[in-house]
Amino acid sequence: MSWITIVWSMNAAACMTLAGIYLLVWCKQREDWAYLALSCNAVAGAALTAVELALLRAQTSEQYGVILRWAQLPVWLLVVSLVVFVRLYLRAGRPGLACSVCGMRTLALILNFIFIPNLSYRQINSLRQVSWWGGETVSVPVGVTNPWILVAQLSLLLLVIFFVDATITTWRRGDRQRALVVGGALIVLSAIAIGQVVLVVWGVIPVPFLACFSYLGLIAAMGYQTRNDILRGTDSATDQCRWNKCIQC
């Protein structure tokens, strides 16, 4: 097994582990839907990682086009669940902007299954075999970019604007730790991932799609903050129980 397969598999496994943890937390705290949104988001991240690994190993341009077409499904779930998570967890972000992001991303998903081979490329002429780290060879597409990809890219631009707006609102409200950890990670890491994808699609840089690594950093940052919230909630509940016992005595 190559190191690429091992690393990408570990990435997917980490996402699925976090998805299971957040699902369990939500099952115990049914009123807090942010954890369910985060669980769905982690599942989408694992699926995206698997898709990117398949793209690296694609053997023909036709196979690459089909895989990239289905990649839009986890991307759609990733974007929508992030918007829902931010609205529920940070309690910020303009509703109109949130609806615009989800609407544009849904439109991009529909267009993706209308165009052949996919929304990203009008035609994939060939696959370039690029020598990568450790002597590994990966597939990079060479083709004609579909101009309708601008719809998907506009949705991602709106997503970053939504993150910035939500982070500023959270900061001004006084919840600065959440703004720095969650909001800062959302803005920086999503901008890095989006920028890399845009440059690859338009043929500016001949490298494979690597959005999954930025996403892993993002889910780790969100997991760190939500873990602190859970621990604080547990400590508060423990203190309350002790106080009740003292009153009864």
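Right, let's walk through the structure included here.

Focus on the overall build of the chain
Line of reasoning, step 1. If you tally the helices and strands in the chain, you get eight helices and two strands.
Line of reasoning, step 2. Mapped from its N terminus to its C terminus, the chain presents α and β elements in the order α-α-α-α-α-β-β-α-α-α.
Line of reasoning, step 3. Dimensions of the chain along its principal axes, counting C-alpha atoms only, are 80 × 45 × 25 Å.
Line of reasoning, step 4. Sequence separation of 24 or more characterises 72% of the internal contacts of the chain that already satisfy a separation of 6 or more.
Line of reasoning, step 5. For the chain, the exposed surface amounts to about 12,300 Å²; the carbon and sulfur share of it is 68%.
Line of reasoning, step 6. Put simply, the chain has 18 plus and 10 minus side-chain charges, and the middle of one group is 4 Å from the middle of the other.

Considerations on the environment of A50
Line of reasoning, step 1. You can see A50 is positioned in helix 2 (residues 34–56).
Line of reasoning, step 2. The spacing of A50 and V164 is 114 residues in sequence and 29 Å in space, taken between C-alpha atoms.

Comments concerning the environment of V182
Line of reasoning, step 1. For V182, the location among the structural elements is in helix 7 (residues 176–201).
Line of reasoning, step 2. A residue is classified by how much of its surface remains accessible, and V182, at 0% relative accessible area, is buried.
Line of reasoning, step 3. For the pair V182 and L68, spaced 114 residues apart in sequence, the C-alpha to C-alpha distance is 29 Å.
Line of reasoning, step 4. Beyond its immediate chain neighbours, meaning those up to four positions away, V182 contacts F85, Y89, L90, Q177, M222 and Q225.

Section: unusual backbone geometry
Line of reasoning, step 1. Cis geometry is adopted by the peptide bond preceding P117, which originates at I116 and carries an omega value of 5°.
Line of reasoning, step 2. Looking at the element boundaries, P117 is found in the loop between helix 5 (95–112) and strand 1 (121–131).

Quick word on the side chain of T167
Line of reasoning, step 1. When you line up the elements, T167 lands in helix 6 (residues 149–173).
Line of reasoning, step 2. If we ignore the near neighbours within four places in the chain, the residues touching T167 are A179, G183, G184 and I187.

Quick look at the packing of aromatic side chains
Line of reasoning, step 1. Inspection of the entire model under this criterion finds six aromatic pairs.
Line of reasoning, step 2. Here F162 and F163 contribute two aromatic rings whose centre-to-centre distance is 6.2 Å and whose plane-to-plane angle is 50°, an arrangement assigned as tilted. Judged on exposure class, the residue F162 and its partner F163 are both buried.
Line of reasoning, step 3. The aromatic ring of W26 is capped on one face by R30, whose charged end is 4.7 Å from the ring centroid.
Line of reasoning, step 4. In this structure, R178 packs its charged tip against the face of Y89, placed 4.0 Å from the ring centre.

Thoughts on the nonpolar core
One broad trend across soluble globular proteins is that nonpolar side chains are buried collectively.
Line of reasoning, step 1. F85, V86, F162, L186 and M222 are the most contacted members of the largest nonpolar core, which has 48 residues in total.
Line of reasoning, step 2. When contributions to this core are tallied by element, the ones reaching two or more residues are helix 1 (3–28), helix 2, helix 4 (72–90), helix 5, helix 6, helix 7 and helix 8 (211–248).
Line of reasoning, step 3. Of the residues forming this core, the biggest block, ten residues, is contributed by helix 4.
Line of reasoning, step 4. The residues contacting M222, other than those within four sequence positions of it, are Y22, L38, N41, L82, F85, V182 and L186.
Line of reasoning, step 5. Listed in part, the 19 residues of the second largest apolar core include V51, L55, A58 and V201.

A word on helix 4
An α-helix turns once every 3.6 residues. As a result, residues three or four positions apart point the same way.
Line of reasoning, step 1. Here helix 4 spans 26 Å end to end across 19 residues, near enough to the 27 Å set by a 1.5 Å rise per residue.
Line of reasoning, step 2. Positive phi appears at R91, one or two residues downstream of helix 4, with a value of about 50°.

Remarks on the environment of L216
Line of reasoning, step 1. As for its position among the elements, L216 is in helix 8.
Line of reasoning, step 2. Note on L216: relative accessible area 26%, which makes it partly exposed.
Line of reasoning, step 3. Residues L216 and L199 lie 17 residues apart in sequence; the distance between their C-alpha atoms is 20 Å.
Line of reasoning, step 4. Leaving out residues up to four positions away in the same chain, L216 has contacts with N11, A14 and C15.

Regarding the pairing of strand 1
Line of reasoning, step 1. Relative to strand 2 (residues 137–145), strand 1 runs antiparallel, the two sharing nine bridges. Its bridge partner lying in strand 2, Q129 is registered against S139.

What to know about the packing of helix 4 against helix 5
Line of reasoning, step 1. At their nearest, the axes of helix 4 and helix 5 sit 10 Å apart, and the two run at 170° to each other. Regarding the angle of helix 4 to helix 5, the classification is roughly antiparallel. Facing helix 4, whose interface residues are Q72, L73, V75, W76, V79, V80, V83 and R87, helix 5 presents P95, A98, V101, C102, R105, T106, L109 and N112.
Line of reasoning, step 2. Looking at side-chain class alone, the contact of helix 4 with helix 5 contains eleven nonpolar, three polar and two charged residues.

About the criteria used
Residues numbered from 1 in each chain as written. Predicted model: local features only at pLDDT ≥ 70, side-chain atom pairs only at ≥ 80, totals over all residues. Heavy atoms only, no water. Helix = DSSP H or I, 4+ residues; strand = E, 2+ residues; numbered from the N terminus. Contact = heavy atoms within 4.5 Å. Areas by Shrake-Rupley, 256 points an atom, 1.4 Å probe, with all protein chains shown as cover. Lys, Arg positive; Asp, Glu negative; His and termini not counted. Charge placed at Lys NZ, Arg CZ, Asp CG, Glu CD. Buried < 20%, exposed > 50% of the residue type's maximum accessible area, 1.4 Å probe, protein only. Phe/Tyr/Trp six-rings, centres within 6.5 Å; stacked < 30°, edge-to-face > 60°. Lys NZ or Arg CZ within 6 Å of the ring centre and 35° of its normal. Core = buried A, V, L, I, M, F, W, Y, C linked by side-chain atoms within 4.5 Å. Expected span 1.5 Å × (residues − 1). Pairing = 2+ DSSP bridges. Axes fitted to C-alpha atoms, helices over the stretch in contact; angles between N-to-C directions. Parallel < 35°, antiparallel > 145°, perpendicular 65-115°, else oblique. Nonpolar A, V, L, I, M, F, W, Y, C, P; charged D, E, K, R; others polar.

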